[in-house]
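Fold and contact review
The primary structure of each chain is shown beneath.
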Amino acid sequence: SSVMVWGRSKENVRQFIVDMEEEGWNVRAVDDAQELLDQCDLIVTATSSRAPLLKLNNTTRASEKASRGPLHINAIGSDSTGKMELDPDLIAAADLLVADSRVQTKERGEYEEALARGLVSLDDVVELGELASRTELHRKSDGRDDCRFTIFDSSGVAVQDCVIAAMVNEALLSKE
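First, a word on scope: everything that follows refers to the structure included in this document.

**What about the layout of surface pockets?**
Of the volumes computed, that of the largest pocket is approximately 710 Å³. When contributions to the lining of the largest pocket are tallied by element, the ones reaching two or more residues are strand E1 (2-5), helix H1 (10-22), helix H2 (34-39) and strand E3 (42-45). Looking at the lining of the largest pocket, its residues break down into 15 nonpolar, eight polar and two charged.

**Considering the pattern of salt bridges**
Evaluated as defined, the whole model comprises five salt bridges. A salt bridge links Glu 107 to Arg 108, with the nearest nitrogen and oxygen atoms 3.6 Å apart. The class for Glu 107 is partly exposed, based on a relative accessible area of 43%. The partner of Arg 134 in a salt bridge is Glu 130, and the shortest N-O contact between them spans 3.0 Å. For Arg 134, a relative accessible area of 29% corresponds to the partly exposed category. Residue classification places Glu 130 among the partly exposed residues on the basis of a relative accessible area of 26%. Taken together, the shared-partner salt bridges in this structure form one network comprising Arg 102, Glu 130, Arg 134 and Glu 136.

**Some details on the pairing of strand E5 (residues 96-99)**
With burial as the criterion, each face of E5 is covered, one bearing Leu 96 and Val 98 and the other bearing Leu 97 and Ala 99. Where E5 lies against strand E7 (residues 149-153), four bridges are found, and the strand directions are parallel. Within E7, the residue paired with Leu 96 across the bridge is Thr 150.

What counts, and where the lines are drawn
- Residues numbered from 1 in each chain as written.
- Predicted model: local features only at pLDDT ≥ 70, side-chain atom pairs only at ≥ 80, totals over all residues.
- Heavy atoms only, no water.
- 1 Å grid on protein atoms, 1.4 Å probe; cavity = no way out; pocket = protein on both sides within 12 Å on 5 of 7 lines; lining within 4 Å.
- Points joined across faces, edges and corners; volume = space filled by probe spheres on them.
- Helix = DSSP H or I, 4+ residues; strand = E, 2+ residues; numbered from the N terminus.
- Nonpolar A, V, L, I, M, F, W, Y, C, P; charged D, E, K, R; others polar.
- Salt bridge = Lys/Arg side-chain N within 4 Å of Asp/Glu carboxyl O.
- Buried < 20%, exposed > 50% of the residue type's maximum accessible area, 1.4 Å probe, protein only.
- Pairing = 2+ DSSP bridges.

Shown next as structure tokens:
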């Protein structure tokens, strides 16, 4: 499989491609972030943008629920008030919204503007811990098609970060 990358800085994109290819990844750059919505099953956004980089429009796969196939976005860059990587209309089109913290996503997360505009409700957002226990919301791993469009907004919860870091450390130590 391959990785597609878009970035606001061509120099940073070139360096990312070099670094990832050294790790054995097949990486190619795209000229427009919108291409990611049309061609990728998994998108990770990690910017400090204050304007949407990915938008819902009539040509994006995210707007065509019947034919798009699975799509998931991990939005990890919006960690303060006013930051935004995803257009509120794109967020409203999702089948499942997950956040590390409902309170934080309302105050400074990716869903902040969509919530303020009434496009989604805080009740539409599932917290990460809740998702872990609600197996009916998990993607199906038994081969059945699951073409949902899902978004995870990580605005940063310190205790979760510490647990994840400890788990990664433990996994790395067990490989030695």
